[in-house]
Each structure stands twice: as C-alpha cells, then as structure tokens.
Amino acid sequence: MADFLKKGAFYLAPMSGYTDAAFREIAMECGADVCVSEFVHARAVLSKAPKVLEKLRIDVLARPCGIQLFGGDEFEMADAASFAEEYAKPDFIDINYGCPAPNAVGAGAGSALLKDVPQMVKIAKKVKGALKKIPLTAKMRTGWGAESVLPKAALELEGAGVEVLAVHGRSKNQGYRGDADWAIIEKTAECLSIPVVGNGSVEKLSGAELRGSACFGFMVGRAAVGNPWIFGEIKAKLNGEIFIPPASEKRIATALKYLEKSLQNQGENTLKAIRANLIAFARGHRGFKKIRLALANSKTIEDAYAVLKGFLNE
Ligand SMILES: Cc1cc2nc3c(=O)[nH]c(=O)nc-3n(C[C@H](O)[C@H](O)[C@H](O)COP(=O)(O)O)c2cc1C
C-alpha cells in the first residue's frame, strides 16, 4: 500500500483556482492529512512555462502531496509524469478521470475517459511505467451518465497499477449538483484490494456513516474552501468529540496568512488568483458584505491586505 496513506486519512480535494500551494499548506495545518495539486494538463507540464511550474510547487509543510495530471494521450501523460516526479518530487502522481469542463472533455481528457475505459487503463499503465519511485493514484467519477462504470472500471485501474483510487460519487452529467452516490462508493471500496478514498459532500455524512465506511480515507472539496477547519470538524464527528469552530478573528487572520504565503510564492500578480479564497475566508465574519465588496474592488495586494487588516482591528 502507498506509504503516504494512513487509514482514516482526510484529503484536501484538488480544486482548480482554490487549492494552490499556500492554501494546501494552511489546510494541512488545520487537519488535512494528504493533499493534491490543482489539475495540470500534461502538455502544459511539458511546456515548462513558469506559470505551470508554479502549479507544481510543493512546500515542505504541505506534504504528503501529489501532482494531479490530466490528458488524453498516454505518451504525453507518461512524459509529464516523469518530468513532474523529477522536478517537484511529489509523494505521488494522480490521474484525473473526472473533470467535466468542456475544454478537458473536448481534449479527450478528464471525464471524457469515463466513456473510454480501455484508454483510461492504457494511460494508467503508461504513467505507472514512467514513474521511478512514487506511487500512482487516480481520481474518477461514477461514470458519464446515470449508468455507472463502477466498480468494473475501478478494478481495471487496480489491475493497471493504480495504488489508491479516489471516487467522487457523482457522474459527469451531475457536475457538482445533487447528492453523491455513497452506495456506489462503498460498493467500489468493498470490491477493490487497493485503498479507496470516498469523495462527495463528505461533510454531510454522519459519524456512524464515517465509522462504518469501507473507504480507507475521505476527500473533502468545497466545504474546505474558506474553511480549512472542516477537517477538524469532521474528525471530531468521526471520533464523537466536540468541535469548537474558529472565532471570526481567526478566520481573517488566516486569510492574511494565506495572502502573505501566496505573495511569497507567486509575487505581485497574485491577487487575481487568490481573491476568491480571500473572500471565502471572510464569509461569516460580521460585515461580510462590506469585506466582500472591498476585496472585490481591491486593485493591488496591498489594498486587499489593508482591507483584511482593517476588519481584524475593528
Ligand atoms: C472549483 C472546483 C475546482 C475543481 N478542480 C478539480 C481539479 O483540479 N481536479 C479534480 O480532480 N477535481 C476537481 N474538482 C472536483 C473536486 O475535487 C471534488 O471532487 C468535488 O468538488 C466533489 O467534492 P465535494 O462534494 O466535497 O465538493 C473541482 C471542484 C471545484 C468545485
């Protein structure tokens, strides 16, 4: 079994536009056990453009962390995995078989592969063969439409050398709407010998459901945006403990810390990339509407810093 994964581990889900290196570090401080980069197209990795290399950044405090790749061509995927392994020294490489975005699907990647299981398997085998030291993991949805490809496709991925499989219990057609199908996730976890990580509104599961799950770990997505403390909250539920939510000031102070880390990582052009996260951190703070407006109108990183500092000192 993959060394980085402990039973009951909680993953921060990869979320493009939100889970950058700075946010991952904060999520790990707040109780996430494993994280994954935002998805990166294999061809973009091979371009080695500075903006793409920044996406491959993994900070010491945010490990274990995987790099997630997407692409429809097995050769490009294998070359990108090989480069990412050397360059970023991730703890694992993850393949995305779930992105429903039209540009990914149009390129025969992400969810498009759910309609072509043989190609899914071909990619996994080729990437596995390209990795020297680290494990291969994958993340998939239940299928393209109502008819699920699980557990059959998952068993084939296991046979291809995937060592951990995250299952998002929604189909491509569902997008992010509606309830995740935890019956399919559980069935897949029971059928596979490799660890399965369950994903899809995990925060809505009861303590008993979490404890009774056949999943080896759980992955939390949107509930962690602006609220990395969700990991502590779900773990408390799992263990039957009381969770004390962070005070409003703590949320704003964490937003400031996130801003500072982002600035160190990405430099002056960072505001556009992190504005949504800053606003999410402030949600629930008194005067949230005013903060949101002020952050939306901030032109520079200094403006955003002053907005948050002002509310912290109020
Ligand atoms: C804004 C956004 C960006 C996402 N980006 C990725 C991504 O880069 N790679 C990926 O595998 N999934 C991505 N996802 C899907 C999440 O990882 C997760 O599977 C999904 O949100 C379901 O989990 P949740 O119900 O806990 O939010 C994204 C989701 C959202 C909302």
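Thresholds, definitions, all that
Along each chain, residues carry numbers from 1 onward, in the same order as the chain's sequence is written. Where local features are concerned, this predicted model is filtered to residues with pLDDT of at least 70; where side-chain atom pairs are given and counted, the filter is 80 or more; whole-chain, interface and lining totals use all residues. With C-beta atoms placed from the backbone, a residue is labelled by how many other C-beta atoms lie within 10 Å of its own: buried for 20 or more, exposed for 12 or fewer, partly exposed between the two. By the criteria applied, helices consist of DSSP H or I runs no shorter than four residues and strands consist of E runs no shorter than two, each listed in order from the N terminus. Two strands qualify as a pair provided DSSP detects at least 2 bridges between them. Angles shown run from 0 to 180 degrees and are taken between the N-to-C directions of axes, each axis being a line fitted to C-alpha atoms and, for helices, limited to the stretch in contact. These descriptions rest on fixed angle ranges, namely under 35 degrees for roughly parallel, over 145 for roughly antiparallel, 65 to 115 for roughly perpendicular, and the rest for oblique. The crossing is said to be left-handed when, going from far helix to near helix, the turn is anticlockwise and less than a right angle, and right-handed when the turn is clockwise. We call two residues in contact when their backbone-placed C-beta atoms lie within 7 Å. The residue classification treats Ala, Val, Leu, Ile, Met, Phe, Trp, Tyr, Cys and Pro as nonpolar and Asp, Glu, Lys and Arg as charged. All others, Gly included, are polar.

> Lay out the pairing of strand 4 (residues 65-70) in plain terms, naming residues and giving numbers.
Strand 4 sits mainly inside the fold: six of its six residues count as buried. The alternating pattern of strand 4 places C65, I67 and L69 on one face and G66, Q68 and F70 on the opposite face, and all of these are buried. Taken together, the two bridges between strand 2 (residues 34-36) and strand 4 define a ladder with parallel strand orientation. When the sheet's bridge partners are listed, C35 is paired in strand 4 with C65. Pairing of strand 3 (residues 40-41) with strand 4, which is carried by two bridges, proceeds in the parallel orientation. The residue bridging H41 from the neighbouring strand is F70, located in strand 4. The pairing of strand 4 with strand 5 (residues 92-97) spans four bridges and is classified as parallel. When the sheet's bridge partners are listed, Q68 is paired in strand 5 with D94.

> Would you mind going over the packing of helix 1 (residues 21-29) against helix 11 (residues 248-266) in detail, with residue names and values included?
Relative orientation of the contacting elements helix 1 and helix 11 amounts to 140°, with a least axis distance of 8 Å. Relative to helix 11, helix 1 is oriented oblique. Helix 11 is crossed by helix 1, and the crossing has right-handed handedness. Two secondary-structure elements touch here, helix 1 through A21, A22, F23, E25 and I26 and helix 11 through T254, K257, Y258, K261, S262 and N265. Within the contact of helix 1 with helix 11, the residues separate by chemical class into five nonpolar, three polar and three charged.

> I'd like a rundown of the environment of E233, residues and numbers included.
When you line up the elements, E233 lands in helix 10 (residues 230-238). For E233, a count of 18 C-beta atoms within 10 Å gives the class partly exposed. Each C-alpha atom, one on E233 and one on E203, is 8.6 Å from the other, the two residues being 30 residues apart in sequence.

These figures come from the coordinates and say nothing about function on their own.
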